[in-house]
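Secondary and tertiary structure notes
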Amino acid sequence: MTPALMYDDGRAAAEAEQVNAAGEQQGAKAGYQRMQRSWALPKLRWLLNHYPHAAENGWRLAHQNDVINSRLVGHEVPTDTSNALKTGADAAQVTWPEPVLAALEIPRVMLPDLVLPGTVIGQVCAAAAAETGLSEGTAVVAGMTDGCAAQLGSGATAVGSY
């Protein structure tokens, strides 16, 4: 539909300012001070600025893991809350911040459903089994980002822990 925007693509500087203004309270609640221009929510706003009919044409945001998981199960899948953090998801409530999305004119239909990491989101389909050598029917489980996984692995799970 358009060339993919790489993870570190920084073209959405103006949109990041918009997102930060609209989502200041949500960002503070989520534990970050400012969304960066390379994060998914500013980039989605950038895409909508440059492709205003994207939602009407059925475009949906997909993180890298969502693309892989969808190919494994053969249909769209929900995304995990850790990958969705930089898209503005409220990980504690497992919801999208509807007021922020409305202020940014981002149609909710463009965003995947949310699940917690560790949730079974499907099974390896026949086509993916043939392509990958994985056993058909193997559970596909929502994962999490490398940073979140590293934090859990380190045991730093509460304020002051290290």
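Just so we're clear, the structure is a prediction, and the values are computed from it rather than from any experiment. (Residues numbered from 1 in each chain as written. Predicted model: local features only at pLDDT ≥ 70, side-chain atom pairs only at ≥ 80, totals over all residues. Heavy atoms only, no water.)

Side note on the side chain of threonine 145
Quick reminder of the rule: Strands are runs of DSSP state E lasting at least two residues, helices are runs of H or I lasting at least four, and both sets are numbered from the N terminus onward. Remark: exposure states derive from per-residue accessible area (1.4 Å probe, protein chains only) relative to the maximum for the residue type, with buried under 20%, exposed over 50%, and partly exposed in between. In this analysis, two residues are considered to be in contact whenever any of their non-hydrogen atoms come within 4.5 Å of each other.
Mapped onto the elements of the fold, threonine 145 is located in the loop between strand E4 (139–141) and helix H7 (146–154). According to the relative accessible area criterion, threonine 145 is buried, its value standing at 18%. In this structure threonine 145 touches Ser82 and Asn83, once residues within four positions along its chain are discounted.

Considerations on the environment of histidine 63
Note the cut-off: Under the rule applied, a polar contact is a pair of N or O atoms within 3.5 Å (in protein, one hydrogen donor and one hydrogen acceptor; residues adjacent in sequence only if both atoms are side-chain atoms).
Tracing the chain through its elements places histidine 63 in the loop between helix H3 (40–50) and helix H4 (64–73). Judged by relative accessible area, histidine 63 falls into the buried class, the value being 8%. Between the C-alpha atoms of histidine 63 and alanine 126, which are 63 residues apart in sequence, the distance is 23 Å. With residues up to four places along the chain from it excluded, the contact list for histidine 63 reads Ala40, Thr79, Asn83, Ala84 and Thr87. A distance of 3.3 Å separates a polar atom in the side chain of histidine 63 from the backbone oxygen of asparagine 83. In terms of polar contacts, histidine 63 uses its side chain to reach the side chain of threonine 87, at 2.7 Å.

Some thoughts on H4
Stated formally: Read the arc as the range of directions from the helix axis to the C-beta atoms.
Within H4, the full set of buried residues consists of Asn65, Asp66, Asn69, Leu72 and Val73. Along H4, the residues classed as buried sweep out an arc of 125° about the axis, all on the same side. Set apart from the buried face of H4 by more than 90 degrees, the exposed residues are Ile68 and Arg71. Residues of H4 that are buried in the fold lie against strand E1 (79–80), strand E3 (120–123), helix H6 (126–132) and E4. Downstream of H4 by a residue or two, glycine 74 has a phi angle that is positive, lying close to 85°.

Comments concerning H3
Helical periodicity: at 3.6 residues per turn, an α-helix aligns residues three or four positions apart in one direction. In terms of burial, H3 is largely enclosed, as nine of its eleven residues are buried. Here H3 has its buried residues at Ala40, Leu41, Pro42, Lys43, Leu44, Arg45, Trp46, Leu47 and Leu48. Where H3 is buried, its residues meet helix H1 (13–22) and helix H5 (98–103).

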